[in-house]
Amino acid sequence: MIKTTAMLLEELSEYGSPKSKLSRMAKSGEYFPIKKGIYETNRHTPAYLLAGSIYGPSYISFEYALSFYGMIPEAVYTVTSATFEKKKKFETAFGTFTYRDVPSEAFPLGIRLLQEGEYFYRIAEVEKALCDQLYTVPPLPNTKELFLHLTENLRIEESELKKLDTLKICEYSAAYHSSNIKKLYSLLRRL
């Protein structure tokens, strides 16, 4: 369970020095610091469940979400999340977390809120994760190059591309102002 320093100090208020007690508990492995002011009580909590607590507002996206949905074959170990107006990277005992910019207009679109046990996390829908990923790529000259990028660089199967909802891609395209995403919409309509 994620707890803030304030929550833990309140729980430890009966001790003469709650801060010292918290420090000893963290050193002994009863609490695990995630970042300044935030602790996790379970060392085995999967990293993706912590991403939204480390930095926000954010949602899991890019390579991590594409792997989560089985769009790309590679396992992704860095939890990649989308945010806006800032880029951040955190190295923690739970793993590496990166936060990349997306346009503020596109940020609220296509996000799912999921629950796993007592944890809630936000993750991009598969179409949104692909749009976020393509937003970070320099403009590709045409749909043929985009198709090659998707199938060779990202290693997405053509059959998986055909499953994407083109109406969602069209809706998201207007918010990104990205030629790559406009080309993706054109490509998907032809597949």
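Note that this is a predicted model, so its numbers are computed, not measured.

(A) Representation of the packing of aromatic side chains. Counting across every chain of the model gives ten aromatic pairs. An angle of 85° between the planes, with centres 5.1 Å apart, marks the rings of Phe-68 and Tyr-69 as edge-to-face. When its relative accessible area of 38% is taken as the criterion, Phe-68 is described as partly exposed. On the basis of an interplanar angle of 85° and a centroid distance of 5.8 Å, the ring pair of Phe-90 and Tyr-99 is categorised as edge-to-face. For Tyr-99, a relative accessible area of 2% gives the class buried. Following the ring pairs from residue to residue traces out a cluster consisting of Tyr-48, Tyr-64 and Tyr-121. Geometry around Phe-94 places Arg-43 over its ring, the cationic atom sitting 5.1 Å from the centre. The positively charged end of Arg-100 is found above the aromatic ring belonging to Phe-62, 4.7 Å away from the centroid.

(B) Fine view of the layout of surface pockets. The calculated volume of the largest pocket comes to roughly 290 Å³. Lining the largest pocket are 19 residues, and of these Leu-49, Gly-52, Ser-53, Phe-120 and Tyr-121 lie nearest its centre. Examining the composition of the lining of the largest pocket, we find that four residues originate from one element, strand β9 (residues 119-124), more than from any other. Of the residues assigned to the lining of the largest pocket, the class counts are 13 nonpolar, four polar and two charged.

(C) A look at the nonpolar core. Counting 54 residues, the largest nonpolar core has Phe-97, Leu-130, Leu-150 and Leu-184 as its most contacted members. With five residues, helix α5 (residues 126-135) is the single largest residue contributor to this core. Aside from chain neighbours lying at most four places away, what touches Leu-130 is Leu-66, Leu-150, Leu-154, Ile-156, Leu-161, Leu-164 and Leu-184. Leu-8, Leu-12, Tyr-31 and Tyr-39 belong to the second largest nonpolar core, which has six residues in total.

(D) Looking closely at the side chain of Thr-96. Here Thr-96 lies in strand β7 (residues 95-101). A distance of 2.8 Å separates polar atoms of two side chains, one belonging to Thr-96 and the other to Glu-91.

(E) Structural view of the environment of Leu-8. Along the chain, the position of Leu-8 falls in helix α1 (residues 5-11). Spatially, the C-alpha atoms of Leu-8 and Gly-110 are 35 Å apart, while their sequence positions differ by 102 residues. Apart from residues lying up to four places away in sequence, Leu-8 is in contact with Lys-3, Leu-22, Tyr-31 and Tyr-39.

(F) The packing of α5 against helix α9 (residues 179-190), seen in detail. It is the contact of α5 with α9, at a shortest axis distance of 8 Å, that shows an interaxial angle of 135°. By the angle class used here, α5 and α9 are oblique. The handedness of the crossing between α5 and α9 comes out as right-handed. Within the contact between the two elements, α5 uses Leu-130, Cys-131, Leu-134 and Tyr-135 and α9 uses Asn-180, Ile-181 and Leu-184. Split by residue class, the contact of α5 with α9 holds six nonpolar, one polar and no charged.

What counts and what doesn't
Residues numbered from 1 in each chain as written. Predicted model: local features only at pLDDT ≥ 70, side-chain atom pairs only at ≥ 80, totals over all residues. Heavy atoms only, no water. Phe/Tyr/Trp six-rings, centres within 6.5 Å; stacked < 30°, edge-to-face > 60°. Buried < 20%, exposed > 50% of the residue type's maximum accessible area, 1.4 Å probe, protein only. Lys NZ or Arg CZ within 6 Å of the ring centre and 35° of its normal. 1 Å grid on protein atoms, 1.4 Å probe; cavity = no way out; pocket = protein on both sides within 12 Å on 5 of 7 lines; lining within 4 Å. Points joined across faces, edges and corners; volume = space filled by probe spheres on them. Helix = DSSP H or I, 4+ residues; strand = E, 2+ residues; numbered from the N terminus. Nonpolar A, V, L, I, M, F, W, Y, C, P; charged D, E, K, R; others polar. Core = buried A, V, L, I, M, F, W, Y, C linked by side-chain atoms within 4.5 Å. Contact = heavy atoms within 4.5 Å. Polar contact = N/O pair within 3.5 Å; in protein donor to acceptor, adjacent residues only side chain to side chain. Axes fitted to C-alpha atoms, helices over the stretch in contact; angles between N-to-C directions. Parallel < 35°, antiparallel > 145°, perpendicular 65-115°, else oblique. Left-handed = near helix turned anticlockwise from the far one by under 90°.

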